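Observations on the model geometry
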Amino acid sequence: MGQKVSRVYGSLVKRPLQRYNVEHRAAKVISKIEDPAAPASRAPMYDSDKELLEKIRKTNPQLAEANFRKDSDLHSRLSEVYVTSQDPENQPKPGDNPDRPLPADRSQYSEDFIPGMMRVDRSKSTPRGKVSLDNAIKFLTDHSIKPEIHTAEQISDTFRINPETTANALKYFKVFKVYVPEKKFEKEYDALALGKDWVDGKKEEYQSMLEYNQEREEKLKRLKEKETRKKDGLLEEGKKGS
């Protein structure tokens, strides 16, 4: 409760009083500076700092006066100081460390680097019984498109590789395929097309309710007939027994 009261007091009473005629009061403080070119006056000090400064001035006035007095000896020393700098000469690069040699082949760090499995030396022919990566992808793709034409025997004869190895490659290795799902709706949905009238929907609802009520009445009617036949049968048995 106290926090709410202080909040209301600060927003409704204290803050408007602090901001009352703030522009005029600020202009009045600024106009107190007689010479605009004079050094700016320092900001107000805390009470504790002000008391400490007054205590130093009373106990040690020489220290307080030295703070405002210009030291000619120190000023002359500072005026004689001049700092110069020069760029270092071109120093030779240090030699390679035999314990930590740099890599001789730096091509793998370039943008045009091709991994070893993708490098194909066109100048060299593939030995018998082996096939390059490009040819392997080619016959896998051909077999997936037309398996009745590009069989294992035909591929092994073309590339001169083992028929059993070719059959295993066709069985266990596949090329990536793009699967396009079938369309759920043959007719594309048009948002601006005229939809079904709500009256037709209500008619169908009423028709289904009417059929349900008719079926329910027929079931009740059959149950009543069954009960009446049962009662009639009991009465006939009672007459015969009497």
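In this report, the structure presented in the accompanying data block is examined.

Rules and cut-offs
Residues numbered from 1 in each chain as written. Predicted model: local features only at pLDDT ≥ 70, side-chain atom pairs only at ≥ 80, totals over all residues. Heavy atoms only, no water. Helix = DSSP H or I, 4+ residues; strand = E, 2+ residues; numbered from the N terminus. Buried < 20%, exposed > 50% of the residue type's maximum accessible area, 1.4 Å probe, protein only. Contact = heavy atoms within 4.5 Å. Core = buried A, V, L, I, M, F, W, Y, C linked by side-chain atoms within 4.5 Å. Arc of directions from axis to C-beta. Salt bridge = Lys/Arg side-chain N within 4 Å of Asp/Glu carboxyl O. Phe/Tyr/Trp six-rings, centres within 6.5 Å; stacked < 30°, edge-to-face > 60°. Expected span 1.5 Å × (residues − 1).

Topic: the overall build of the protein chain
Assigned secondary structure in the protein chain consists of 9 helices and 0 strands. Along the protein chain, from the amino end to the carboxyl end, the secondary structure elements read α-α-α-α-α-α-α-α-α. Split into buried and exposed, the 242 residues of the protein chain put 6% on the buried side. The long-range share in the protein chain, meaning contacts at least 24 apart out of those at least 6 apart in sequence, stands at 36%.

Focus: the nonpolar core
If you look at the biggest cluster of nonpolar residues, it comprises 6 residues: Ala136, Phe139, Leu140, Ala152, Ile155 and Leu170. Going through the elements one at a time, α6 (133-145) and α7 (152-159) are the ones with two or more residues in this core. The dominant element in this core, judged by the number of residues it contributes, is α6, at 3 residues. Among all residues touching Ala152, those that are not within four sequence positions of it are Thr166, Ala167 and Leu170.

Considering α7
Looking at α7, one finds that the buried residues are Ala152, Ile155 and Ser156. In an axial view of α7, the angular spread of the buried residues amounts to 100°, which keeps them on one side of the axis. Seen from the open side of α7, the exposed residues pointing more than 90 degrees away from its buried face are Glu153 and Asp157. Packed against the buried residues of α7 are α6 and α8 (163-172).

Looking at the pattern of salt bridges
Inspection of the entire model under this criterion finds 4 salt bridges. For Glu54, the salt bridge goes to Arg57, with nearest N and O atoms at 3.5 Å. Of this pair, Glu54 and Arg57 both sit in helix α3 (residues 47-59), 3 residues apart, roughly one helical turn. Given the relative accessible area of 36%, Arg57 is considered partly exposed.

Details of the packing of aromatic side chains
By the definition in use, this model includes 1 aromatic pair. Between Phe139 and Phe159 the ring centres are 5.6 Å apart and the planes differ by 50°, which places this aromatic pair in the tilted class. Note that Phe139 is positioned in helix α6 and Phe159 in helix α7, a separation of 20 residues in sequence.

Thoughts on α6
Note on helix geometry: an α-helix contains 3.6 residues per turn, so any two residues three or four positions apart are oriented the same way. Between the first and last C-alpha of α6 there are 19 Å, a value that for 13 residues agrees with the 18 Å anticipated at 1.5 Å per step. Those residues of α6 that fall on the buried side of the exposure criterion are Ala136, Phe139, Leu140 and His143. Along the axis of α6, the buried positions cluster into a sector of 105°, meaning they face one direction only. Looking at the buried side of α6, the elements it contacts are α7 and α8.

Describing the environment of Ala152
Relative to the elements of secondary structure, Ala152 occurs in helix α7. Residue classification places Ala152 among the buried positions, given a relative accessible area of 16%. Each C-alpha atom, one on Ala152 and one on Thr165, is 9.0 Å from the other, the two residues being 13 residues apart in sequence.

Notes on the side chain of Ser156
Position of Ser156 among the secondary structure elements: in helix α7. When residues no more than four places from it in sequence are discounted, the contact partners of Ser156 are Ile161, Asn162, Pro163 and Thr166.

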